[in-house]
Every structure is written in structure tokens, then in C-alpha cells.
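Secondary and tertiary structure notes
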Amino acid sequence: MSSINSDFCALSLSDVTTTRSPLLATSSPTTLPVELWLEILSHMPTSSIQAMTYTCSSLRWLAQPLLFKLFIIRLDSPHAQNSSGRRDIHPASGLVRLAALQLAHIANAMTEIRLVPSVFMDRHEQGTLSPQTTKSLLVDTLFSALPSLSNLRKFICHDVLFTKYHLSILSRIPNLKHLEVQSCRTICLPEDFPSFESTSLETLVVDYPFNSRALFRNSRFLALLLQARKLSRIFAGPGDEILFAMTETPPPPTLSILEIPVSCVLSPLFDSVLASCSSVQELSLYMATGDSYLPPLEHLPEGILPNLRSYHGPRTYAPWFTRDRSIRDVDFPLPALPNDLCNTIGHMTREIESLSCKVDSLDATLLQTIHTTFPSLKHLAISGAAVDIDRLSSVLSIAKVHKGLTSIQITVQTGVPRLTDSWGATVAKMVLSRLIRAYPILEHAKLVYQPQVSVVWSRSKERKQTTTNVDASELRIEKQEVSSKTSAIWDMFRFNS
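Throughout what follows, the structure given in this document is the object of discussion. (Residues numbered from 1 in each chain as written. Predicted model: local features only at pLDDT ≥ 70, side-chain atom pairs only at ≥ 80, totals over all residues. Heavy atoms only, no water.)

This part covers the pairing of strand β12 (residues 329–336). Of the strand pairs in this sheet, strand β11 (residues 310–312) and β12 are connected by 3 bridges, and their pairing is parallel. Bridging across to β12, Y311 finds its partner in V330. Pairing between β12 and strand β13 (residues 354–359): 5 bridges, direction parallel. Bridge pairing in β13 places P335 opposite K358. Chirality of the crossover, the property in question, places the unit of β12, helix α16 (residues 338–345) and β13 among those that are right-handed. (Pairing = 2+ DSSP bridges. Helix = DSSP H or I, 4+ residues; strand = E, 2+ residues; numbered from the N terminus. Right-handed = clockwise from strand over helix to strand, strands pointing away.)

So, about the pairing of strand β15 (residues 407–412). The element β15 is largely enclosed, with a buried count of 5 among its 6 residues. Of the pairings in the sheet, the one linking strand β14 (residues 379–387) to β15 comprises 5 bridges and is parallel in character. Looking at β15, one finds that A381 is bridged to Q409. Crossover β14 to β15 through helix α18 (residues 389–398) is right-handed. (Buried < 20%, exposed > 50% of the residue type's maximum accessible area, 1.4 Å probe, protein only.)

Right, let's talk about the pattern of salt bridges for a bit. Applying the stated criterion across every chain yields a total of 9 salt bridges. A salt bridge links R114 to E112; the shortest N-O distance between them is 2.7 Å. Its salt-bridge partner being R220, residue E248 comes within 3.4 Å of it at the nearest N-O pair. Taken together, the residues E248 in helix α13 (residues 241–248) and R220 in helix α12 (residues 219–225) connect sequence positions 28 residues apart. Of the residues examined, E248 reaches a relative accessible area of 43% and is grouped as partly exposed. The exposure class of R220 is partly exposed, given its relative accessible area of 41%. Each of the salt bridges in this network shares a partner with another, and the network as a whole consists of R328, E351 and E353. (Salt bridge = Lys/Arg side-chain N within 4 Å of Asp/Glu carboxyl O.)

This is the structure:
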């Protein structure tokens, strides 16, 4: 609230309708301050906000912009059909939505815009670049409005053929922080490229279909986007074009997160590019769609990525990246056998504080190896194998107690979590009691029942660490779902003077 102008805070809804919109001056249902209305609206789901716009003209003027925080425009195909067989109008449906850009109080609320293909586009059209789509009035109209969107922070483009005009507009969006270009390319010649050095971009995501790499390969285009001197995160794939781009445009000193596919390991540029990324603190080597095998990494020169603190990738690469570096966080997303994981752990640094891994079974040898190898470990997450209460008790009774772990996440096989059911709550408390005995200073635990449902436990401040009993009041069910909170208030909703 500190960013809110004091004069604005003092306004009531009637003041807004009187001073900001003369057409709404006759409708003033309440003198409740505008800041309270915005706070109320920010906690409402989209359907309720939409219902509020139908109550009166004053609340419509106040609530409607919150519906446009995320603004989606579909590139309707002239051959697109919906489930009923009706052909969509092209491009009138998108142009009607673009009319909202002409309303200042709505345009100022937009923080994210997505330019995506039609959901009804035929499969053979996905990832293609038809002239009707890329040269449409819809794309040009949207781009012409982008420089005036002062609160736009995130822009996602799909299947756009960038011209010199589009690139020029893209380089002039005032406060853009996050740019994603999915299946995009350019027909602009390198000598006509604008400069991106002064842009405020912090995150760059570049991706395209694996089976259409020949169409989208353009390292010059990527090198142009890399000119942004405030970039802190780069995600690129599924090929190694990003390596060629980074040799042409060295990464900025602000780059801290680099995410590239494992296929880059085979490139002769891999070592030299990583050597130029001395500021990177988080490295992710992921298996891209279409990658069928894991290439070996047989050597990594010393001195590369000296500031690396977090590694996410295949376990077989981990010894190279954790050697002679102060690595704190390690994540192995690919499943592994317990014995193979034990061998990898034996070659890693002992300073690791957070470890995430996926195994096909949980045994005492693996847990014992983790406990003894990483005395500074504070967080442990094990997925891939669901364990029952008996198996967990057996493993924990054999493994040595770890006195430094404060957070743990495991997958359990105990049915559906229902804390209102006495049996369900009892099983959860039994599992947690055994974890607390094995980890005396444990503060947080998550029992994953399904990918979307978990039981979460947090130690209350009043509870002594010597107590192993679990109170039902400390448990809660957590579902992984999109939050209905709009979050579209102070920094997203601004009035024009």
C-alpha cells in the first residue's frame, strides 16, 4: 500500500465516478473508499468479478479492468472449427477483443499478454506460419498498442513471423520484464535489427517444435534478444542454437539462471559458452521433448561457473558441476536406481543443503548414504516411489538419525488424505511421528498422496522440539491448483489523471 498515492487513498467510489468518469456520476452506491473496493475485488474469483460488473456502472468501471490483467488474443485460423463444426470468424473475433486497448483504464491494468494460436486449430496447422496469420491486421494492431501499455510485464508470442516493424515495437515496450517467443522466427535482415540493449527484459524464454527445428533455427535472432543487459534468466531449446547466439552476443553480467537442453553437451561450444557465464548461479540441463538419449559428459574444465550454487539435471553430470564449487541445491529430475544414486552421491561435495531426487524404490542404504554424505542438509525431497507406513518405519529405523534436516517431502502410499476422517488423520500423524523421531529439529513436512494432493505439517512455535506427537491442528490439506485470487491491485491498477 505504500505505493498508493495519498490522494487516491482518500477517494471514495462516488469521488471516482464524479471526477474520473462524468458519465458515471449519477451512480454512487456507497462511500466506501476505492482502496477497500480494490482489496475486496482482489480476493474474488474471476467469475465473481465479472458478476460485479453487471451491478452498476460505477462498480463496472472499477472492476472491469481486473478482468484484463491477463489478456489473451488467439490467432484464429481461417480454417479453424470448434466442436460444433461452426467456422470461426477471421480475424473479427480477435479485433473485437483488441478494442479494449483503446480504453485507458483497462489498458493500464494489463500486466500479461498472450498471443497464441486458436484452440480449434487443426493439428497439421500447429507450429506453421501461414501468411494470413503472420501478416494479419490483428497482429499489427496489437503490436502498435504495446508501447503505450506502461504496466505490461509479461508478453508471450506464439507463431509470429517478426518483421522489422514488430522487432522495433518489441524493443520499445517500456517495462517489459518477461518475454517468451514460442515457434517464432523473423524475416528481418540482421542489418535492420533494432537494438535491445536498453530494454528492461529480465527473463527470456525461446522454444519451438522439436520436429520443425530446421524452420526455426536462427541464432542471429536469439543473439538480438540477448542484447538486453538486464537479463537474469534464459530458457532456450530444444536445440543448441542458444550456444551459437551466446558466442555472438556474450551474456550480460546480470545473468543468474541458465536453462538449456542436455543436447547442448555434445556441442563443441558448450565449454566456452559456460566459461563466459561466470555470473550464473543456477544451471538446469533438461531433457527436451524429442530427446531420446542422455549424452555423456566426460570432462568439464576447471574454473567454469565459479559462482554456481544450484544444479538441476542428470545425476551423472552432478560430480562435474559440484566439484570445487559451493553448490547448495541439487535436483535430479530423472529416475534412478538407489545403488546408482548412492554412487553419484559419493562423488559430490558435502556442503549441499537441499537435495531432490526421484527413485524407483526407497531403501535404508540410500537414506543412510544421504545422511552421512551431507551433514549440512536442511531440505530433502524424494519422489518416484510411494512408501507405506511399515516400509518407512523400517527404513528410518536402520538409517542413521540426521540432526540438521528441517524440511522433508516424500511420496506416501496411504490412500486419500482426509483429515476430517479419524483414520486418515491417524495415518498421517503416524507417518509424521516417525519422521520427527528420525529428524529431531524437523519444522516442515509434506506427504504427497497424489501429484495434486498433499498433507502439509508445520511445527507450531509453541511446540517443543523434543515432542514427537503430532497435533491435528498442525496439519492441512494442500491442493496444487491455480489460485482464484486476481492479485490485480495497486501496482496493476492505476488511474490516469
